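Structure at a glance
Spelled out, the chains give:
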Amino acid sequence: MSAGPDSPTRTSPAITGFERTFADELSPLTVAWKGADVPDPRLLVLNEELAETLGLDAAALRAEDGIALLSGAAAPAGADPVATAYSGHQFGNYAPLLGDGRALLLGELVDMNGHRVDVQLKGSGPTPFSRGGDGFAVVGPMLREYLVSEAMHALGIPTTRSLAVVATGRDVRRERLEPGAVLTRVAASHLRVGTFELAARNTELVQPLSDYAISRHYPDLAGLAPNGSRNRYLAFFEAVLERQAALVADWMLVGFVHGVMNTDNTTISGETIDYGPCAFLDAFDPAAVFSSIDHGGRYAFANQSDVLKWNLARLAETLLPLVGPTADEAIAVMTAALSTFDTRYQQHFLAGMARKIGLTDTFGEPELVDDLVTLMAAHRADWTGTFRALAAELRGDPTALADAIPREHTDPWLRRWHGTLDRLGRDPAQTAAAMDRVNPLYIPRNHQVDFALRAATDGDLTPYERLMDAVTHPYEPRSEWAHFGAPAPASFNDSFQTFCGT
Ligand code: AMP
Ligand code: MG
């Protein structure tokens, strides 16, 4: 296998125009690198709609040259791919040097909307940051990331996107031998809290890194003076805080469990990143944990906002030298900023829950939301289906709701809900329609994903393509997709686990 900067590089003209602002401006955080050879590349999926947004020619990507590029075997003409370095807290423990152990940043493109994005390969072979790992990835988990990230995008949740998955023809050792694959990921950037944690070890890097992050993600703040009445870096921290508070609320509203919320998997852009052991809730359980390695439940569903806040405290620490003339003042300022996280999160969550039950966030009855959540937890009601069932109830069909929660338990809550809607003069049909616009029919249900990935790993992509079609049209009722809206059999959920870094 050839890898590393010294071996000859094959180039491909399938994508041109790569830029490299990160590698140029923050070169100490990158290492020039290239992908491993690929024995037998085969394109499994290509996101033509995303290719178009990026100004790329889908036909060129499907051709031999394009597939070579998407597999990591060839570098884009004129680009200088790098592996990036970062640190991180994994399950609360500090890891001084992580970095792209199996990823390669090809470079940056400016999309049709004028947004600069990173194009990164995942699974393209070992790098100087591989530590004990083999640097590779396999078909099932890469197709999983593609499907779940595109479903999240369709749900309107900020996320990295997936452009393609290429099978490499290399067998990769996991619990058994599995077919190797490379995912092409597109992200607003790959800056993470962990990038700042690494920069903080060389204090001269924190300010240029922050300025880079500001110009890329929060350009409105670039005009603030470093030490003006509104400190540029404090404003930057607050902006990240706000985006991450909104993001974690979005996850909660769709029942998404990220599964590995380490600081190296918390972005500065506010996008969801790293779809390793993530999963969606079926039966609602606030303590739900799916990851096989999360023994203590640190990243359980209901812990996610607290963990996010903890991760942002790690970001705050790295910025201390930039926000106050003295350490004590800096700590006081950042502690005050961090303390706004819970309120920000609660506001986003409550506003979203209000919309899910056909109200607006000014309806003034947070208890109505709390009591519904308590009821759903007590009866392990299906998180996604229950909100559609509530809309059906409003249209006069209570059967689906009664299937989720016995009627005698929902009656008192339903009386209060109807009372509130009446008081606000809300029309039931219009309210039900508004609810259906925000409550998805289809999410990537674990049993469906599992089934589709097993078939795909064995060479049949048809179930995967069908599921992909449904979860990227989450609000569109179609009779042939009805089964994608149904919960898993209880026997499946009782034993379902996800696997990290696979
Ligand atoms: P993750 O849990 O996917 O965020 O990965 C955590 C760290 O482990 C990152 O530095 C990854 O690059 C690295 N890593 C994960 N899988 C592999 C692998 N198969 N080979 C090398 N490094 C890996
Ligand atoms: Mg990661």
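As the structure is a computational prediction, the values presented were derived from the model and not from experiment. (Residues numbered from 1 in each chain as written. Chains lettered and ligands numbered in written order. Predicted model: local features only at pLDDT ≥ 70, side-chain atom pairs only at ≥ 80, totals over all residues. Heavy atoms only, no water.)

**Here we look at the overall build of the protein chain**
Put simply, the rule is: By the criteria applied, helices consist of DSSP H or I runs no shorter than four residues and strands consist of E runs no shorter than two, each listed in order from the N terminus. Atoms considered for the radius of gyration are the C-alpha atoms alone. The globule rule reads 2.2 Å times the number of residues to the power 0.38. For every residue, the accessible area obtained with a 1.4 Å probe (protein chains only) is divided by the maximum for its type, and the residue is called buried under 20%, exposed over 50%, and partly exposed between those limits. Whether two residues are in contact is decided by their heavy atoms, any of which lying within 4.5 Å being enough. Only the protein chains shown count as cover for residues, and all accessible areas are computed by the Shrake-Rupley method using a 1.4 Å probe.
Counting its regular elements, the protein chain contains 19 helices and 14 strands. The globule rule puts the C-alpha radius of gyration for 502 residues at 23 Å, and the 23 Å found for the protein chain is close to it. Within the protein chain, the proportion of its 502 residues that are buried is 58%. Sequence-distant contacts in the protein chain: of pairs separated by 6 or more residues, those separated by 24 or more amount to 73%. When the accessible surface of the protein chain is summed, it comes to about 19,900 Å², and 52% of that surface belongs to carbon and sulfur atoms.

**Some points on the domain arrangement of the protein chain**
Applied cut-off: All domain edges in this entry derive from an automatic or database-based domain assignment. Put simply, buried area is the surface a 1.4 Å probe can reach on two separate parts but cannot reach once they are joined, added for both.
Along its sequence, the protein chain is carved into domain 1 (11-190), domain 2 (205-348) and domain 3 (359-502). A straight line from the C-alpha centre of domain 2 to that of domain 3 covers 28 Å. With 20 residues of domain 2 at the contact, the number on the domain 3 side is 21 residues. Approximately 1,700 Å² of surface area, both sides summed, lies buried where domain 2 meets domain 3, with 57% of it carried by carbon and sulfur atoms.

**Considerations on the site of ligand 1**
Short version of the rule: Definition of nearness: a residue and a molecule or strand are near each other if at least one heavy atom of the residue lies within 4 Å of the molecule or strand. Counting of polar contacts relies on pairs of N or O atoms within 3.5 Å, with two restrictions inside protein: one atom must be capable of donating a hydrogen and the other of accepting it, and residues adjacent in sequence are counted only when both atoms are side-chain atoms. Lys, Arg, Asp and Glu make up the charged group, whereas Ala, Val, Leu, Ile, Met, Phe, Trp, Tyr, Cys and Pro make up the nonpolar group; the residues left over, Gly among them, are polar.
Neighbouring residues of ligand 1: 19 residues in total, closest Gly99, Gly101, Arg131, Gly135 and Asp274. Note that an oxygen atom of ligand 1 is positioned 2.6 Å from one of the backbone N or O atoms of Gly99. Residue Arg131 places a side-chain N or O atom 2.9 Å away from an oxygen atom belonging to ligand 1. Within the complex, 87% of the 490 Å² of free accessible area of ligand 1 lies under protein. Tallied by class, residues from the shell around ligand 1 come to four nonpolar, eight polar and seven charged. Viewed by domain, the shell around ligand 1 spans two of them, domain 1 (11-190) and domain 2 (205-348), each represented by three or more residues.

**Considering the pairing of strand β12 (residues 177-187)**
Applicable threshold: Strands are labelled as partners when DSSP assigns at least two bridges between them.
Buried residues dominate β12, accounting for nine of its 11 residues. Sheet topology note: the strand β9 (residues 116-122)/β12 ladder contains five bridges and is antiparallel. Bridged to Lys122 within β12 is Leu183. Note: strand β10 (residues 137-138) against β12, two bridges, orientation antiparallel. Within β12, the position partnered with Ala137 by the bridge is Ala181. As defined by bridge partners, strand β11 (residues 161-173) adjoins β12 across nine bridges and the pair is classed as antiparallel. Considered in β12, the bridge of Arg173 is made with Leu177.

**Some remarks on the UniProt feature "active site" (unreviewed entry) in the protein chain**
For the record, the criterion: UniProt positions are given in the numbering used here, feature names are shortened, and annotations may be inferred rather than shown by experiment.
With numbering aligned to this structure, UniProt lists the feature "active site" (unreviewed entry) at Asp264. Apart from the residues within four sequence positions on either side, Asp264 is in contact with Tyr86, Ser87, Gly88, His89, Gln90, Leu98, Arg192 and Gly194.

**Here we look at the coordination of the magnesium ion (ligand 2)**
As a reminder of what qualifies: Only N, O and S atoms count as donors, using a 2.8 Å cut-off from the metal and 3.2 Å for Na, K and Ca, and because water is excluded some sites may appear unfinished.
Binding of the magnesium ion (ligand 2) to the protein goes through Asn265 (OD1) and Asp274 (OD), at separations of 1.9 to 2.2 Å. Neither Asn265 nor Asp274 differs from the other in exposure class; each is buried.

**A closer look at the UniProt feature "binding site: Mg(2+)" (unreviewed entry) in the protein chain**
Inclusion rule: Space inside and on the surface of the protein is sampled on a 1 Å grid over the protein atoms alone, with a cavity defined as a set of points where a 1.4 Å probe fits but cannot get out and a pocket as an open set with protein on both sides within 12 Å along at least 5 of 7 lines; lining residues have an atom within 4 Å of a point.
Summarizing the sequence annotation, UniProt attributes the feature "binding site: Mg(2+)" (unreviewed entry) to Asn265 and Asp274 in the numbering used throughout. Lining residues of the second largest cavity drawn from the annotated set just named are Asn265. Among the secondary structure elements, Asn265 is positioned in the loop between β13 (256-257) and β14 (279-280). A relative accessible area of 10% means that Asn265 is categorised as buried. In this structure Asn265 touches Arg192, His258, Val260, Ile273 and Asp274, once residues within four positions along its chain are discounted. A polar atom in the side chain of Asn265 sits 3.0 Å from the backbone oxygen of Val260. Note on placement: Asp274 falls in the loop between β13 and β14. Under the relative-accessibility criterion, Asp274 is labelled buried at 17%. Setting aside its immediate chain neighbours within four residues, Asp274 contacts Lys122, Arg185, His258 and Asn265.

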